[in-house]
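# Close look at the chain arrangement
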Amino acid sequence: MEDAAHRDRLKFYGPHDLANVVLVDEAVALIRAQSGEQAIASMNDALEVHNALEFERLGVLPRTLTPEERGTLPTAARVLRGQLAAFFSKLDSSSIDEHLNGLDREYTQDVLVLIGRYKVAKNVGGQALFDALVAAGIPLWAMLGDKQFVGAHDGRLRNSLLADDRCGELLVKSHLIMNSSDACALPKSLTTADSQQILQSYIDSESPHLNYLEAIANAQDKLEHGITPKIRLAAQRRKADLVRALFEDKTHTSMSTGYAVGIDPEQREPVLDRVERKDTRTLRQRTFGGLHLKSSMESLHVLANFWDMVGYSEGRGLLALPSFRSQIGTLEGLRVSGKDAYRRGGAFAHRDYLTILGTEAYYDFLQREGVEVEDVIAWYFREYLAEAFDAAGFDYAPSTASSTYLERCRHICAEMESVTKQFTLYCEDGELDRELLQMTSSPRPWGNIPSLVDRKHLIRAESRDCDAALHLLFNDQSRITYLNNELRARTFVELVLTHEVRYTDLLHYQVEPVDWLIAEGLMSLEDGVICFSSLPTIRVLQDVHKYGAGPFGHYGFEESAAVSLVDKGWLEFGSTLLTSAEASYFNFFLNRSEFSDGHDLRNRYLHGTNADPRDESAHRTSYMQLLRMMVSLVLKIEDDFLLHRRS
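Conventions and cut-offs
Residues numbered from 1 in each chain as written. Predicted model: local features only at pLDDT ≥ 70, side-chain atom pairs only at ≥ 80, totals over all residues. Heavy atoms only, no water. Patch = residues over 30% accessible without salt bridge, like charges linked within 9 Å, V, L, I, M, F, W, Y side chains within 5 Å. Areas by Shrake-Rupley, 256 points an atom, 1.4 Å probe, with all protein chains shown as cover. Salt bridge = Lys/Arg side-chain N within 4 Å of Asp/Glu carboxyl O. Lys, Arg positive; Asp, Glu negative; His and termini not counted. Charge placed at Lys NZ, Arg CZ, Asp CG, Glu CD. Helix = DSSP H or I, 4+ residues; strand = E, 2+ residues; numbered from the N terminus. Buried < 20%, exposed > 50% of the residue type's maximum accessible area, 1.4 Å probe, protein only. Phe/Tyr/Trp six-rings, centres within 6.5 Å; stacked < 30°, edge-to-face > 60°. Lys NZ or Arg CZ within 6 Å of the ring centre and 35° of its normal.

### Regarding a negative patch on the surface
Judged by side-chain charge, Asp 429, Glu 431, Asp 433 and Glu 435 come together as a negatively charged surface patch. Tracing the backbone shows Asp 433 in the loop between α20 (405-429) and α21 (434-438).

### Examining unusual backbone geometry
Of note in the backbone geometry, Lys 119 takes a positive phi value of approximately 50° without being a glycine. Residue placement: Lys 119 occurs in the loop between α5 (108-117) and α6 (121-124). Residue class for Lys 119 comes out partly exposed when judged on its relative accessible area of 49%. Positive phi outside glycine occurs at Asp 600, with the angle close to 60°. For Asp 600, the position within the fold is in the loop between α27 (580-590) and α28 (601-606).

### With respect to the packing of aromatic side chains
Geometry of an aromatic ring pair is reported as the spacing of the ring centres plus the angle between the planes. Tallying each qualifying case throughout the model produces 34 aromatic pairs. Ring geometry for Phe 324 and Tyr 547: centres 5.2 Å apart, planes at 85°, overall edge-to-face. Placement of the pair is Phe 324 in the loop between α16 (299-310) and α17 (330-333) and Tyr 547 in helix α25 (residues 535-547), with a sequence separation of 223 residues. The exposure class of Phe 324 is buried, given its relative accessible area of 5%. Ring centres 6.3 Å apart and planes at 20° place the aromatic pair Tyr 362 and Phe 365 in the stacked group. Within this pair, Tyr 362 and its partner Phe 365 are both found in helix α18 (residues 346-368), separated by three residues, close to a single helical turn. Considered together, Tyr 362 and Phe 365 belong to a single accessibility category, that of buried residues. In textbook terms, an aromatic cluster arises when at least three aromatic residues are bridged by ring pairs, as seen for Trp 379, Tyr 380, Phe 381, Tyr 384, Phe 389, Phe 394, Tyr 396, Phe 423, Tyr 426 and Phe 641. Between Lys 568 and the ring centre of Trp 570, over which it is positioned, the NZ or CZ distance is 4.9 Å.

None of the figures reported here should be taken as evidence of function without further support.
Here it is in structure tokens:
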């Protein structure tokens, strides 16, 4: 075989990898050339032959091959497979080290596959083979990635895991990390005590990764994975220590963003935002207009100010507060995250900071004006629903003025559950029977609270075509967002709306997806220019992509387009009070039923596992979060009643 010292060796990355277009000719050429030789000389040669044979085995072949060439290729491949078997059959304890020396790192996993396939351990010996692989630099993660290898070297791998405190990362990747490509098969002999020891050693090690510590701290308790309350607490404390040390280290420059929300007594505008930048610090400031606030002190206006001014709503009945997957950037998506963690990025953090600070600022303003927000909520349920919608029987018991924040937190959690039960019964029966309410115990999951409106939301149906269209139109990783330096945008929709894009401008690999969008009726050509066939359809799809749901009850000119997408099988109607994203947001703050890193406020306060009862500051923070949830729930119920009255 040709000397590979001065060239990149052939590697098969999978049947769907784009590199196959470039490498497939080389693979066929290697199969034909090597099959004429008598023997394979080295381990790297053997592994390169194996990769070439994978092209042939899976039928990844050049389109230019003639029928005759396709007919003779399997014969050449059979010859090569015989050569591979002969090469590995000759490996023994005296030659294994020499053959593994200088192994190409691209072939790390391939060598383990072939060692198992050709039963090399029989001639070399299990311990000798394991030692040779370790000496050759085969990483532990690669060994654990091969189930057959793990089964054959169970005890040796267990000892290796216990011997290196860095191996805690392997356990985290295997059990706790979302979409981890390094998930591994752990030795069956690894006990729960072993897993706890490995994780504790990793936590106590010199430089554990902050994201892995966070994944441990936020994980669900699972003894078989070594996750216990003590382990989670140790990870949480270690992370806090490392973060503190990082910010105290003046040799490193760090960027920071601060938030401030206040009330300007002389400001007439409802809201003003400004950004100040100095050195490495950015301060985002929001001020509410005191004159506007004082002119809107009626109870209904107070609730509306939370909706519009404080920023709870996106404007059409949907909460703006949740983390939406569409707003998590590509790089943010690569961040290490726990398998059951609430996925969120910078956009969520920005809204979360501003709305919680805004809630606190507006709450304090109202108190100074003699208004308690919970009294407003009580008025809404006790009086307003009956007056405005003839929905009698609702009730809400507000916290007393003398209550501590600890008491307020416990009280509002109980009242929130009561409100959801009341609304659920009203939706189901058309009236609220207080005696029946008293016989209702278990609360509904947030995602199952019904709506008064049959066609409240639009959500994705199980449709690959819909998924493909949303990706092509709105994803920043779509292959049709960049044509050249002048014709480019963050999304294809933005590109078409802001530029004149001609069909002839498309690159060769962009023609097929655009043709598909045209065939699906989403795009059209006008004098060679790419246009949208129906902007209302695009608007509906954009809502579903951005918020995970379209506010069908608020649609006007988009309504017929929305119905057409339902008829097409791309979307379907939902009839719940909260969208899936909104329900997940409530779960994240109130419990840990869906997310391992949830704040669990409801359970902590109702079950007495909250912060130190004397830490009034911590309970005030929790109360503001709970109040934000309660007001959001009130506003969602208000929107539901309004839509029901219009229908």
